[in-house]
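These are the residues of each chain, in order.
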Amino acid sequence: MPPEDAATTTAAVLLAGGRGSRLGGVQKGLLTHLGIPLITAWADALELRGVETVVVGPDRLRPSLPEGVDLVREDPPYSGPAAALCAGVRALEARASAPDAHRPQHVLLLSVDTLDPGPVLDWLLDHLPADGTLIPQDKEGRQQMLTAAVEAEPLRRRVLSLVPGEEVGRPVRWLLEGMEGPGAGTVVRPLLPEGLGVDVDTAADARRHGVSLPPAGTDPELRL
């Protein structure tokens, strides 16, 4: 378990609202791994570590979330990962304006289709830079921008500087590149340990990692 002060100075935006098009339109958050829906595994792991969390996804996820977790949606729905992250950051900003609220030092950028959230969170919290952003890379050198810990204040300034709708259709890379400049710390890119950050994008991924897919047409709640 990471140090308690790391969790209390960290918030998270968990993306859980994609189309799941390469999985036949399955709602990824409601897929099950080891008998547990992915959204439940993530919500429980974040709550256990005391990380303030905003989930970006459809209303059908609400029954699977703890009471203290905000559930918001990008506008319009399915307008891309940058738009979803902006919706989450704006929700965190609204929470920070409440009496006695605090602003986090880092925001974790996460995706619900990443398996085994506990070890992923512990690794991120253990490796938070004192000043700056952590974007790990896998062994092929690909940056894992949705298994990342970004410096909260530059991210906040970036999101609040956008013209409404500017983020629609944009990738995460576009959003984070806009954080560079005065006041932004360094970016560290450590190697993500083998076995962490495994995600489920296709039916082949699901079969390989023991994720249960519903038979087509048998469970409308799992379909978008």
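No experiment lies behind these values; they were computed from the predicted model shown. (Residues numbered from 1 in each chain as written. Predicted model: local features only at pLDDT ≥ 70, side-chain atom pairs only at ≥ 80, totals over all residues. Heavy atoms only, no water.)

### Let's talk about the packing of aromatic side chains
Piece 1. Taken as a whole and assessed by the stated rule, the structure comprises zero aromatic pairs.
Piece 2. It is R73 that lies over the ring of Y78; its NZ or CZ is 4.8 Å from the centre.
Piece 3. One residue, R158, lies across the ring of W174, its end atom 4.3 Å from the ring centre. (Phe/Tyr/Trp six-rings, centres within 6.5 Å; stacked < 30°, edge-to-face > 60°. Lys NZ or Arg CZ within 6 Å of the ring centre and 35° of its normal.)

### A few points about the environment of A101
Piece 1. Within the element layout of this structure, A101 appears in the loop between α3 (81–96) and β6 (106–111).
Piece 2. With relative accessibility at 35%, the residue A101 sits in the partly exposed group.
Piece 3. Beyond its immediate sequence surroundings of up to four residues, A101 is in contact with R95 and A96. (Helix = DSSP H or I, 4+ residues; strand = E, 2+ residues; numbered from the N terminus. Buried < 20%, exposed > 50% of the residue type's maximum accessible area, 1.4 Å probe, protein only. Contact = heavy atoms within 4.5 Å.)

### Thoughts on the nonpolar core
Piece 1. Ranked by size, the top nonpolar core spans 36 residues in total, and within it I39, W42, V55, L108 and L110 carry the most contacts.
Piece 2. Of all the secondary-structure elements, those providing two or more residues to this core are β1 (10–15), α2 (38–48), β6 and α4 (117–126).
Piece 3. Excluding residues that lie within four positions of it along the chain, I39 makes contacts with L14, A16, G29, L30, V55, L61, S64, L65 and V112.
Piece 4. Core analysis: the next-biggest nonpolar cluster, separate from the first, contains 27 residues, A11, L15, L85 and L175 among them. (Core = buried A, V, L, I, M, F, W, Y, C linked by side-chain atoms within 4.5 Å.)

### A closer look at the environment of G197
Piece 1. Position of G197 among the secondary structure elements: in the loop between β9 (186–188) and α7 (203–209).
Piece 2. Sequence-wise, G197 and D116 are 81 residues apart; in three dimensions their C-alpha atoms are separated by 8.0 Å.
Piece 3. When neighbours within four sequence positions are excluded, G197 is seen to be in contact with T114, V120 and L192.

### A look at α4
Piece 1. Extensive coverage of α4 is indicated by the burial of eight of its ten residues.
Piece 2. Every buried residue belonging to α4 is among P117, G118, V120, L121, D122, W123, L124 and L125, and all of these are buried.

### Quick word on unusual backbone geometry
Piece 1. For the bond running from D75 to P76, omega is 0°, close enough to zero to count as cis.
Piece 2. As for its position among the elements, P76 is in the loop between β5 (70–72) and α3.
Piece 3. The backbone of Y78 shows a phi angle near 65°, a positive value even though the residue is not glycine.
Piece 4. Along the chain, the position of Y78 falls in the loop between β5 and α3.
Piece 5. Its relative accessible area of 31% is what places Y78 among the partly exposed residues.
Piece 6. In this structure, D116 takes a positive phi of about 55° despite not being glycine.

### With respect to the pairing of β1
Piece 1. Of all six residues that make up β1, six are buried, and the element is covered over most of its length.
Piece 2. Bridging between β1 and β6 involves six bridges; their strand directions are parallel. Following the sheet pairing, A12 is matched in β6 by L108.
Piece 3. Bridging between β1 and strand β4 (residues 52–56) involves five bridges; their strand directions are parallel. From the neighbouring strand, A11 faces β4, where its bridge partner is E52. (Pairing = 2+ DSSP bridges.)

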